[in-house]
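The chain contents come next:
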Amino acid sequence: MSFGDLGAETLAALAARGSECAEVFLKRGRTRRFETGPQGELSLLSEERGWAVRAGGARSSFFAAGSGEPSPGGPWPSSDGQGLRLPEPGPPANWRPPADLDAPLVGEREAFALLRELARRVAEAVPGGRLVHGVLEDGSSESEVANSQGVRATVRRRLASLRLEVAAGRPPVGCRLLAAAREARRFDAAGLVERAVRQLEARTRGAPVERDRAELVIAPAVAARLLDGLGPLWVGPGAAARARRLRDRRGRLGSEVLSVVDDGRLPDGLLTAPVDGEGVRSREVLLVEEGAFRQPLVAWWQVAADRVRASGCTRRSSWRELPRPAPTHLYLRAAPAVTASSLLGSVERGYCLVDTLGAGHYDFDADRLAVPVCGYAVRGGRLAEPFTGSWLVGSPGGLLHGVRAVAGDLEFAPLDGLIGAPTLLVSGLELRAGGGELV
């Protein structure tokens, strides 16, 4: 039985049972996992097939999920949850899927060749450097959602992820790298190792910056983590109220070079799709335009709360979980004509942040932030001695208003969704040793 036939039969059975509305979600996929570490080289092929059903009415509903395929006739649990509403179908999406969705999964020879090349490059670039642990996953999936309101949608995805732990020194000091691509063959080994070298050098040779307020050049990986940490400003009905508390006297949330976008159908985006997890049409949403807050990311059922247009941003992390509003490709818009080297060259005295050392703390009520970082001092537009063990401290509002320039080197990191940022030039924040107690 096809996906479509099974979904239609299940919806019909739920209607006959007396459900006012119902939704069926079906997913199947394949993943190849390759791992290298102290245990040697391991490979695994896994296949996933699962389903989820929501059904009920205005007063109560149930959620059920399981592996394999649902039995249209149940048995189904009693409706003891909250009332259920489901979206209605919208206009058809003008959609052209990425050309490489059908690319085959990476083979064992190719995968381990990449991991060995990464290990070799790390050992050559860093004295005593080594790849401690590496995991490469390459997968494809297809999901279908159908509901009693008439929504019918299918989404195909193709995604590879890479997690690396590298270390150097005695005692060993390590760092972690995360990367994602449409398929494993697109990973840039040289670029990944260059990032690892910068981070290891800062962590093994650097000393803390005791206290200094200077211009900061913030690398894309660090900027993306900061943007991710500011997530409560971007997602959900309460985001607009939090953003209002951070506005300046002109009513702006950030500087005029700051524009933040979420785009569920970003061209060449790794999670690009015509619809979200409930079959609502995805779209580009301008959250902040030249420093002015425009709207948060809200699901269709949250629109009345914020009086804004639905974002098409409902995510289903798996068939086991209920859908929730979340970013897809959330990014700080880049300036293509500006190079990262020109931002660095404009700094006479300051610091370049190349990595975070932990999640950090964000307090939106008190407008405070503290994030552990490492990097390099900057003198005369060039990198100087490394530093580590310091905290970037200030406030979410200060960070957003302090962005002076953005470069064109937009990069995405697999965080809460894909979060992207270019190199930033920021003023008004401070580096301190032991700043974590500030929030």
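About the thresholds
- Residues numbered from 1 in each chain as written.
- Predicted model: local features only at pLDDT ≥ 70, side-chain atom pairs only at ≥ 80, totals over all residues.
- Heavy atoms only, no water.
- Helix = DSSP H or I, 4+ residues; strand = E, 2+ residues; numbered from the N terminus.
- Rg over C-alpha atoms; globule rule 2.2 N^0.38 Å.
- Areas by Shrake-Rupley, 256 points an atom, 1.4 Å probe, with all protein chains shown as cover.
- Lys, Arg positive; Asp, Glu negative; His and termini not counted.
- Charge placed at Lys NZ, Arg CZ, Asp CG, Glu CD.
- Pairing = 2+ DSSP bridges.
- Contact = heavy atoms within 4.5 Å.
- Axes fitted to C-alpha atoms, helices over the stretch in contact; angles between N-to-C directions.
- Disulfide = S-S within 2.5 Å.
- Core = buried A, V, L, I, M, F, W, Y, C linked by side-chain atoms within 4.5 Å.
- Buried < 20%, exposed > 50% of the residue type's maximum accessible area, 1.4 Å probe, protein only.
- Parallel < 35°, antiparallel > 145°, perpendicular 65-115°, else oblique.
- Left-handed = near helix turned anticlockwise from the far one by under 90°.
- Polar contact = N/O pair within 3.5 Å; in protein donor to acceptor, adjacent residues only side chain to side chain.

A short note on the overall build of the chain
Right, so step 1: Along its length, the chain carries 8 helices and 23 strands.
Right, so step 2: Relative to a compact globule of 439 residues, whose C-alpha radius of gyration would be 22 Å, the chain shows 24 Å and is just as compact.
Right, so step 3: Here the chain displays about 19800 Å² of accessible surface, and carbon together with sulfur accounts for 48% of that area.
Right, so step 4: Side chains of the chain carry 57 positive and 53 negative charges; the gap between the two charge centres is 2 Å.

With respect to the pairing of strand 4 (residues 130-147)
A regular strand places its side chains so that they alternate between the two faces of the sheet.
Right, so step 1: Where strand 1 (residues 21-37) meets strand 4, 14 bridges bridge the pair, whose relative direction is antiparallel. Residue pairing in the sheet places Phe34 in a bridge with Leu136 of strand 4.
Right, so step 2: Here strand 4 runs beside strand 5 (residues 152-168); their pairing, made up of 16 bridges, is antiparallel. Note on strand 5: the bridge partner recorded for Arg130 is Ala167.
Right, so step 3: In sequence, strand 4 turns back onto strand 5 through a hairpin of 4 residues, with Gly150 there showing a positive phi of about 110°.

Notes on the pairing of strand 2 (residues 40-56)
Right, so step 1: Note: strand 1 against strand 2, 17 bridges, orientation antiparallel. Along strand 2, the bridge assignment pairs Gly37 with Gly40.
Right, so step 2: Taking the residues between adjacent antiparallel strands as the criterion, strand 1 and strand 2 are bridged by 2 residues.
Right, so step 3: Direction of pairing for strand 2 relative to strand 3 (residues 61-67): antiparallel, over a ladder of 7 bridges. When the sheet's bridge partners are listed, Ala55 is paired in strand 3 with Phe62.
Right, so step 4: In textbook terms, the turn of a hairpin is the stretch between consecutive antiparallel strands, and for strand 2 and strand 3 this stretch comprises 4 residues.

Looking at the sheet that holds strand 21 (residues 417-421)
Hydrogen bonds along the backbone pair up the strands of a sheet, which may run parallel or antiparallel.
Right, so step 1: Taken in spatial order, the 6 strands line up as 11-10-9-14-21-20 in an open sheet, and their pairing is mixed. One side of each edge strand has no neighbouring strand; the edge strands of this open sheet are strand 11 (292-293) and strand 20 (411-415).
Right, so step 2: Pairing between strand 20 and strand 21: 5 bridges, direction antiparallel. If you follow Leu415 over to strand 21, its bridge partner there is Gly417.
Right, so step 3: Most of the contacts of helix 4 (residues 220-229) go to strand 21, to which it runs at about 125°, and overall it touches strand 9 (260-263), strand 14 (329-332), strand 20 and strand 21.

A few points about the state of the cysteines
Right, so step 1: The final tally for this structure, using the stated rule, is 0 disulfides.
Right, so step 2: The closest cysteine sulfur to the non-disulfide-bonded Cys374 is located on Cys175, 8.1 Å from its own sulfur.

Observations regarding the nonpolar core
Right, so step 1: The biggest cluster of nonpolar side chains holds 46 residues, and the ones touching the most others in it are Ile218, Trp234 and Leu431.
Right, so step 2: With 5 residues, the top contributor of residues to this core is helix 4.
Right, so step 3: Counting residues in hydrophobic clusters, the runner-up holds 27 residues, among them Ala111, Leu114, Leu162 and Leu200.

Some details on the packing of helix 2 (residues 108-125) against helix 3 (residues 189-205)
Right, so step 1: Taken N-terminus to C-terminus, the directions of helix 2 and helix 3 make an angle of 40°; their axes are 10 Å apart at the nearest point. One finds that helix 2 runs oblique with respect to helix 3. Of the two elements, helix 2 crosses helix 3, and the hand of that crossing is right-handed. Contacts between helix 2 and helix 3 pair Leu114, Glu117, Leu118, Arg121, Val122 and Ala125 from the former with Ala189, Ala190, Leu192, Val193 and Val197 from the latter.

Concerning the sheet that holds strand 1
Right, so step 1: The 6 strands are arranged 3-2-1-4-5-6 in an open sheet whose pairing can be described as antiparallel. At either margin of the open sheet sits one strand with a lone partner, and together these are strand 3 and strand 6 (173-181). Going across the sheet, the axis of each strand differs from the next one's by a mean of 15°, ignoring polarity.

Quick look at the environment of Ser318
Right, so step 1: Its location among the elements puts Ser318 in the loop between strand 12 (314-315) and strand 13 (324-325).
Right, so step 2: With 41 residues separating them in the primary sequence, Ser318 and Gly277 have C-alpha atoms 9.8 Å apart.
Right, so step 3: At a separation of 3.0 Å, a polar atom in the side chain of Ser318 contacts the main-chain amide nitrogen of Arg320.

A short note on the side chain of Thr272
Right, so step 1: With respect to the secondary-structure elements, Thr272 resides in the loop between strand 9 and strand 10 (284-289).
Right, so step 2: At a separation of 3.2 Å, a polar atom in the side chain of Thr272 contacts the main-chain carbonyl oxygen of Leu266.
Right, so step 3: Each residue touching Thr272, except ones within four places of it in the same chain, is listed here: Trp95, Pro98, Arg157, Arg182, Gly264, Arg265, Leu266 and His329.

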